[in-house]
Amino acid sequence: MLTLYSKTIELLNRDSVKVRIEVIKVLMSLENPETVAYLSEIYDEQPEEVKLEILRVIQISKDQCCTDLLKDELKNELSPGIKVNAAQALYKLGHQDYLSELAHREDSSEELIQIVKYALQEKVC
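Residues numbered from 1 in each chain as written. Predicted model: local features only at pLDDT ≥ 70, side-chain atom pairs only at ≥ 80, totals over all residues. Heavy atoms only, no water.

Engineer: Could you clarify how one ought to interpret the overall build of the protein in this entry?
Structural biologist: If you tally the helices and strands in the protein, you get eight helices and zero strands. A compact globule built from 125 residues would reach a C-alpha radius of gyration of about 14 Å, and the protein, at 15 Å, matches this within 12%. Seen through its principal axes, the protein has C-alpha atoms that stretch 50 × 25 × 20 Å. Residues classed as buried in the protein amount to 43% of the 125 residues present. Pairs at least 24 apart in sequence give 58% of the contacts found in the protein among residues at least 6 apart. Here the protein has roughly 7,500 Å² of accessible surface; of this, 49% comes from carbon and sulfur atoms. (Helix = DSSP H or I, 4+ residues; strand = E, 2+ residues; numbered from the N terminus. Rg over C-alpha atoms; globule rule 2.2 N^0.38 Å. Buried < 20%, exposed > 50% of the residue type's maximum accessible area, 1.4 Å probe, protein only. Contact = heavy atoms within 4.5 Å. Areas by Shrake-Rupley, 256 points an atom, 1.4 Å probe, with all protein chains shown as cover.)

Following this line, the structure appears as structure tokens:
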């Protein structure tokens, strides 16, 4: 399995976004405890579609190692899709208090408040 894991990781260097996304899915199925940490390390270098897949993996894995990455993406990323996935992952990781606090801060944008409320499954008025 370790040989397969190493060869699979090498495929993340391919230009094809579709290949990278499939590689991430395969890596998760191999159940290596280092996968989520590795994906968070290469996160910033990836195109948006691959970032979204990595965020889904973080959400499924419930690995707390990526909490800072998720919080940073929620606050600073321009893409609403990334923000929504980061908020949902934070929710799944048990950071509802953080999300609630963020939604009630005066300096939070209306977009951020709506995204957080969506993640918290509240009605946006």
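Engineer: Which parts of the structure should I look at to understand the nonpolar core?
Structural biologist: The tendency in soluble globular proteins is for nonpolar side chains to be buried side by side. In terms of nonpolar packing, the biggest core is built from 37 residues, with Leu39, Ile58, Leu70, Leu74, Leu99 and Val116 touching the most fellow members. Take this core: its biggest share by element is six residues, from helix α4 (residues 48-61). In contact with Leu99, other than residues within four places in its own chain, are Leu74, Ala87, Leu90, Tyr91, Val116 and Leu120. (Core = buried A, V, L, I, M, F, W, Y, C linked by side-chain atoms within 4.5 Å.)

Engineer: It is not clear to me how a negative patch on the surface should be interpreted in this structure. Could you clarify?
Structural biologist: On the surface, Asp44, Glu45, Asp68 and Asp72 cluster together to form a negatively charged patch. Position of Asp44 among the secondary structure elements: in the loop between α3 (35-42) and α4. (Patch = residues over 30% accessible without salt bridge, like charges linked within 9 Å, V, L, I, M, F, W, Y side chains within 5 Å. Salt bridge = Lys/Arg side-chain N within 4 Å of Asp/Glu carboxyl O. Lys, Arg positive; Asp, Glu negative; His and termini not counted. Charge placed at Lys NZ, Arg CZ, Asp CG, Glu CD.)

Engineer: Just checking my understanding: could you explain the pattern of salt bridges for this structure?
Structural biologist: Opposite charge on two side chains allows them to pair when their charged atoms are near. Taken as a whole, this structure holds four salt bridges when the rule is applied. Residue Arg105 is joined to Asp107 by a salt bridge in which the shortest nitrogen-to-oxygen separation is 2.8 Å. According to the relative accessible area criterion, Arg105 is partly exposed, its value standing at 33%.

Engineer: For this particular structure, what's the right way to read unusual backbone geometry?
Structural biologist: Excluding glycine, a negative phi dihedral is what most residues carry, and trans is how most peptide bonds are arranged. Located in the positive-phi region is Lys62, a residue other than glycine, with phi close to 55°. Assignment of secondary structure puts Lys62 in the loop between α4 and α5 (67-76).

Engineer: Can you walk me through the packing of aromatic side chains in this structure?
Structural biologist: Geometrically, a pair of aromatic rings is defined through the distance of the ring centres and the angle of the planes. Counted by the stated rule, this structure contains zero aromatic pairs. For Lys71, the ring lying beneath its charged end belongs to Tyr98, and the centroid distance is 4.4 Å. (Phe/Tyr/Trp six-rings, centres within 6.5 Å; stacked < 30°, edge-to-face > 60°. Lys NZ or Arg CZ within 6 Å of the ring centre and 35° of its normal.)

Engineer: What should I look at first to understand helix α7 (residues 96-103) in this one?
Structural biologist: In an α-helix there are 3.6 residues to a turn, and that puts residues three or four apart on one side. Every buried residue belonging to α7 is among Tyr98, Leu99, Leu102 and Ala103, and all of these are buried. Taken down its axis, α7 places every buried residue within 135° of arc, on the same side. Turned more than 90 degrees away from the buried face of α7, the exposed residues are Asp97 and Glu101. Where the residues of α7 are buried, they touch α5, α6 (80-92) and α8 (110-119). (Arc of directions from axis to C-beta.)

Engineer: Help me out: how do you make sense of α4 in this one?
Structural biologist: The terminal C-alpha atoms of α4 lie 20 Å apart, and with 14 residues this matches the ideal 20 Å at 1.5 Å per residue to within 8%. Listed as buried for α4 are Val50, Lys51, Leu52, Glu53, Ile54, Leu55, Val57, Ile58 and Gln59. Structurally, α4 contributes buried residues whose contacts are with α2 (17-29), α3, α5 and α6. (Expected span 1.5 Å × (residues − 1).)

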